[in-house]
Amino acid sequence: QVQLVESGGGLVQAGDSLRLSCAASTRTFSSYDMGWFRQAPGKEREFVAAISRSGGMTGYADSVKGRFTISRDNAKNTVFLQINSVKPEDTAVYYCAARSGRTFPFRQSAGYDYWGQGTQVTVSS
């Protein structure tokens, strides 16, 4: 029902900034909470950030709080993840996800119904 396509990843140096984008193919984008998750090699996928349908509520993992900012443009069916002061520990594949229900907490991946293919972020020092 919903296709998600991430973009904006790449190779950056520690301390740099970049912005990830996720474009959704649905006509009802504003009915979905959106989240960003990431997975580093050999590690489990972890929650990064999430934003409510209208953008009025956001949540962040402690590891990225103060450095990452999630936002959305419902008119353009797009959610963004602004990454500042990037660290080598941020190296991972970043996934965009969408959920229509609210049975689970923001940070619980099981609550999300649709996932993008991921975009690689690699941080050198």
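The paragraphs below set out a description of the structure included in this document. The structure presented is a predicted model; accordingly, all values stated were derived computationally and were not measured. (Residues numbered from 1 in each chain as written. Predicted model: local features only at pLDDT ≥ 70, side-chain atom pairs only at ≥ 80, totals over all residues. Heavy atoms only, no water.)

**A short note on the overall build of the chain**
Stage number 1. A tally of regular secondary structure across the chain gives zero helices and eleven strands.
Stage number 2. The order of helices and strands in the chain, counted from the N terminus, is β-β-β-β-β-β-β-β-β-β-β.
Stage number 3. For 125 residues, the compact-globule estimate of 2.2 N^0.38 gives 14 Å, and the chain sits close to it at 13 Å.
Stage number 4. Taking the principal axes of the C-alpha coordinates as reference, the chain spans close to 40 × 25 × 25 Å.
Stage number 5. Within the chain, the fraction of its 125 residues that count as buried is 46%.
Stage number 6. Within the chain, residue pairs in contact and separated by at least 24 positions form 58% of the contacts whose partners lie at least 6 positions apart.
Stage number 7. Of the roughly 6400 Å² of accessible surface on the chain, a fraction of 46% belongs to carbon and sulfur atoms.
Stage number 8. Charged side chains in the chain number 14 positive and 10 negative. The centres of these two groups are separated by 6 Å. (Helix = DSSP H or I, 4+ residues; strand = E, 2+ residues; numbered from the N terminus. Rg over C-alpha atoms; globule rule 2.2 N^0.38 Å. Buried < 20%, exposed > 50% of the residue type's maximum accessible area, 1.4 Å probe, protein only. Contact = heavy atoms within 4.5 Å. Areas by Shrake-Rupley, 256 points an atom, 1.4 Å probe, with all protein chains shown as cover. Lys, Arg positive; Asp, Glu negative; His and termini not counted. Charge placed at Lys NZ, Arg CZ, Asp CG, Glu CD.)

**What about the pattern of salt bridges?**
Stage number 1. Going through the model one piece at a time under the given rule, you end up with six salt bridges.
Stage number 2. Note that Arg67 is salt-bridged to Asp90, the shortest N-O span being 2.8 Å. Linking Arg67 in the loop between β6 (58-60) and β7 (68-73) with Asp90 in the loop between β8 (78-83) and β9 (92-99), this pair joins segments that are 23 residues apart in sequence. Grouping residues by exposure puts Arg67 and Asp90 together as buried.
Stage number 3. Taken together, the salt bridges that share partners define one network made up of Arg38, Glu46, Arg67 and Asp90. (Salt bridge = Lys/Arg side-chain N within 4 Å of Asp/Glu carboxyl O.)

**Observations regarding the packing of aromatic side chains**
Stage number 1. For the coordinates displayed, the defined rule picks out five aromatic pairs.
Stage number 2. These aromatic residues form a ring-pair network of at least three members: Phe37, Phe47, Tyr112 and Trp115.
Stage number 3. Just above the ring of Phe29 sits the side chain of Arg72; from NZ or CZ to the centre is 4.4 Å. (Phe/Tyr/Trp six-rings, centres within 6.5 Å; stacked < 30°, edge-to-face > 60°. Lys NZ or Arg CZ within 6 Å of the ring centre and 35° of its normal.)

**Considerations on the sheet that holds strand β3 (residues 18-24)**
Stage number 1. Read across the open sheet, the four strands follow the order β1-β3-β8-β7; overall the sheet is antiparallel. The open sheet has two edge strands with one neighbour each: β1 (4-7) and β7. Taken pair by pair, the neighbouring strands of this sheet meet at an average axis angle of 15°, ignoring direction.
Stage number 2. In the sheet, β7 pairs with β8 via six bridges, with the strands oriented antiparallel. The residue bridging Thr69 from the neighbouring strand is Gln82, located in β8. (Pairing = 2+ DSSP bridges. Axes fitted to C-alpha atoms, helices over the stretch in contact; angles between N-to-C directions.)

**Details of the pairing of β9**
Taken residue by residue, a regular strand's side chains alternate between the two faces of the sheet.
Stage number 1. β9 sits mainly inside the fold: seven of its eight residues count as buried.
Stage number 2. Here strand β4 (residues 33-39) runs beside β9; their pairing, made up of seven bridges, is antiparallel. Opposite Asp33, over in β9, you have Arg99 as the bridge partner.
Stage number 3. Here β9 pairs with strand β11 (residues 119-124) via three bridges, running antiparallel.

**With respect to the nonpolar core**
Stage number 1. Leu4, Met34, Trp36, Val79, Leu81 and Tyr94 are the most contacted members of the largest nonpolar core, which totals 36 residues.
Stage number 2. Those elements that provide at least two residues to this core are β3, β4, β5 (46-51), β7, β8, β9 and β11.
Stage number 3. Those residues in contact with Tyr94, other than ones at most four positions away along the chain, are Glu6, Leu20, Trp36, Phe37, Arg38, Val48, Phe68, Leu81, Ile83, Gly118, Thr119 and Val121. (Core = buried A, V, L, I, M, F, W, Y, C linked by side-chain atoms within 4.5 Å.)

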